[in-house]
Each structure stands twice: as C-alpha cells, then as structure tokens.
Amino acid sequence: MSLPRFRLIIFTASILAIFLADGRSFANPGAPKVKVGDLVSAGKLDIKLRDLGKGWFWRVSEMSYPGRSVSPKPKKIVVLDFFSTNCVSCKKMLPALKQFSEQYKDKVQVLLVAVPENGDVGGKKLRAFFEREPMPFPVLEDPSAYYSKKWLPEVNGKAEMPCLFLIDREGIVRAQAPGYHESIADALSPALESALKL
C-alpha cells in the first residue's frame with residue numbers, strides 16, 4: 001500500500017471516530033429540555049425505546065396520555081429515571097427505585113432509561129450490568145442518548161443523571177428531581193400525592 005493511500009485511510013478513520021464520539025456525547029447545548037407542565041403526547045416528547053430484558057418497545061404516551069386511543073392498557077402514573085453505568089449516583093439510587101416500584105406497583109409504572117456509556121459499543125456493558133442486577137421494572141435502552149439529550153437538564157455541558165420525572169395520567173410532567181435521592185417518594189412529593197388522588 002502506498003503512503004498517500006495509507007494516510008487517507010488513517011485520516012478517514014480519524015474523522016469517522018470523531019463523528020461517532022460526538023454522536024455519543026451527552027452534551028447537547030441549546031436543545032429544548034422537558035419542563036414541569038409539558039405534555040408527553042405521541043409527539044416530540046414521547047419516548048419509545050426497547051426493553052433490554054424482553055425486547056419489546058415501550059411508549060410513554062401509551063401509558064399516561066389519554067388522547068392516545070390505541071393503548072390497550074389503563075392509564076398509569078409514570079416515573080422515569082435516567083441511568084448510565086458510569087454514573088455512581090445512578091447505581092447508588094437503584095435500591096431506592098426498586099423499593100419505590102414495589103411500594104407503588106399497582107399505581108405507578110417505573111421506567112428506567114439506560115444510556116450506554118461512551119465506548120460501550122452495542123451496549124454490552126449495559127446489558128451485562130442488568131443481567132447481574134435485574135430490575136423489577138422495565139429497563140429501556142437509549143443507545144444513542146437521543147432521549148437523554150432531549151429530556152435531561154445539563155450542568156457544565158453534561159447531562160445531569162440520575163434524574164427523575166413524574167408524568168401523571170393526563171400525560172403531563174408534574175415533577176422533575178435531578179440528582180441522587182434516598183427516597184423517590186420524597187423526591188417527587190407533593191406532586192406524587194396530587195397525581196395519586198386524581
């Protein structure tokens with residue numbers, strides 16, 4: 001192989017690596033973020049992701065938005081949490097999330113949106129983690145961090161994880177609680193109590 005051709009291959013590989021790395025970055029400055037009061041309908045804020053364990057897709061609007069007529073399930077309150085294996089606080093909060101899920105299992109659907117860390121091609125590390133640590137609720141893989149970029153607040157150009165969102169039966173975001181919390185119910189209070197009364 002000639003030297004110019006070898007340099008072209010190296011240059012092309014470098015550019016491709018930069019594109020792939022940039023696409024996996026959690027930073028997304030200037031993007032609109034989800035706020036309390038926003039409607040999660042079948043439009044721009046809806047989340048549709050594949051369950052790591054079962055392989056089928058979950059759509060948030062089918063669970064919480066009454067305008068979505070195709071949903072065969074009764075409407076539930078939804079609690080979303082965003083997670084990554086390289087997030088220490090995310091891992092630390094999982095026991096509290098499990099406890100909350102068990103306590104409110106008949107009234108609230110917990111969904112964990114899991115983002116593979118940079119370099120976890122194909123989400124192998126993410127899958128291995130949840131094989132060792134099974135969850136009593138669906139774990140949805142966000143392979144390109146698309147929904148995480150869309151939903152999560154940023155601190156110093158990085159998505160803030162963990163971050164809880166409470167979506168009521170009308171499909172409206174009623175609470176947002178970024179950071180680590182020992183009690184999920186306390187973190188989402190008083191919006192949780194209000195949503196449960198409706």
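Residues numbered from 1 in each chain as written. Predicted model: local features only at pLDDT ≥ 70, side-chain atom pairs only at ≥ 80, totals over all residues. Heavy atoms only, no water.

1. Examining the overall build of the chain
- Counting its secondary structure elements, the chain contains seven helices and nine strands.
- Relative to its full complement of 198 residues, the chain shows a buried share of 44%.
- Here the contacts in the chain between residues at least 6 apart in sequence split such that 67% fall between residues at least 24 apart.
- Split by element, the accessible area of the chain, about 10,700 Å² in all, is 57% carbon and sulfur. (Helix = DSSP H or I, 4+ residues; strand = E, 2+ residues; numbered from the N terminus. Buried < 20%, exposed > 50% of the residue type's maximum accessible area, 1.4 Å probe, protein only. Contact = heavy atoms within 4.5 Å. Areas by Shrake-Rupley, 256 points an atom, 1.4 Å probe, with all protein chains shown as cover.)

2. What to know about helix H4 (residues 124-132)
- Buried residues of H4: Leu126, Phe129 and Phe130, and no others. End-on view of H4: buried residues confined to an arc of 90°, all on one side of the axis. Opposite the buried face of H4, by more than 90 degrees, sit the exposed residues Lys124, Glu131 and Arg132.
- Check the buried side of H4 and you find it contacts strand E3 (77-84), helix H3 (88-103), strand E4 (108-115) and strand E5 (139-141). (Arc of directions from axis to C-beta.)

3. Overview of the pairing of strand E8 (residues 163-167)
- Counting buried positions along E8 gives five out of five residues, so the element sits mostly inside the fold.
- The side-chain alternation of E8 yields two buried faces, one formed by Cys163, Phe165 and Ile167 and the other by Leu164 and Leu166.
- Judged from the four bridges that link them, E3 and E8 form a sheet pairing that is antiparallel. If you follow Leu80 over to E8, its bridge partner there is Phe165.
- Pairing of E8 with strand E9 (residues 173-178) involves five bridges; the strand directions are antiparallel. Across the sheet, Leu164 pairs through a bridge with Ala177, a residue of E9.
- Hairpin geometry of E8 and E9 is characterised by an intervening segment of five residues between the two adjacent antiparallel strands and by a positive phi of about 80° at Gly171. (Pairing = 2+ DSSP bridges.)

4. A short note on the nonpolar core
- Within the largest apolar cluster, 56 residues are counted, with the highest numbers of intra-cluster contacts made by Leu80 and Trp151.
- Ranked by residues supplied to this core, first place goes to E4 with seven residues.
- Leave out the neighbours within four places in its chain, and Trp151 touches Lys33, Val34, Val40, Leu45, Ile47, Leu80, Phe82, Phe165, Ile167 and Val173. (Core = buried A, V, L, I, M, F, W, Y, C linked by side-chain atoms within 4.5 Å.)

5. Concerning the layout of surface pockets
- Space inside the largest pocket adds up to approximately 290 Å³.
- By residue number, the principal contributor to the lining of the largest pocket is H4, which donates three residues. (1 Å grid on protein atoms, 1.4 Å probe; cavity = no way out; pocket = protein on both sides within 12 Å on 5 of 7 lines; lining within 4 Å. Points joined across faces, edges and corners; volume = space filled by probe spheres on them.)

6. Regarding the state of the cysteines
- Following the criterion strictly, the structure yields one disulfide and no others.
- Take Cys163: it sits in no disulfide, and the sulfur closest to it among the cysteines is that of Cys90, at 9.8 Å. (Disulfide = S-S within 2.5 Å.)

Treat this as a map of the structure, not an account of what it does.
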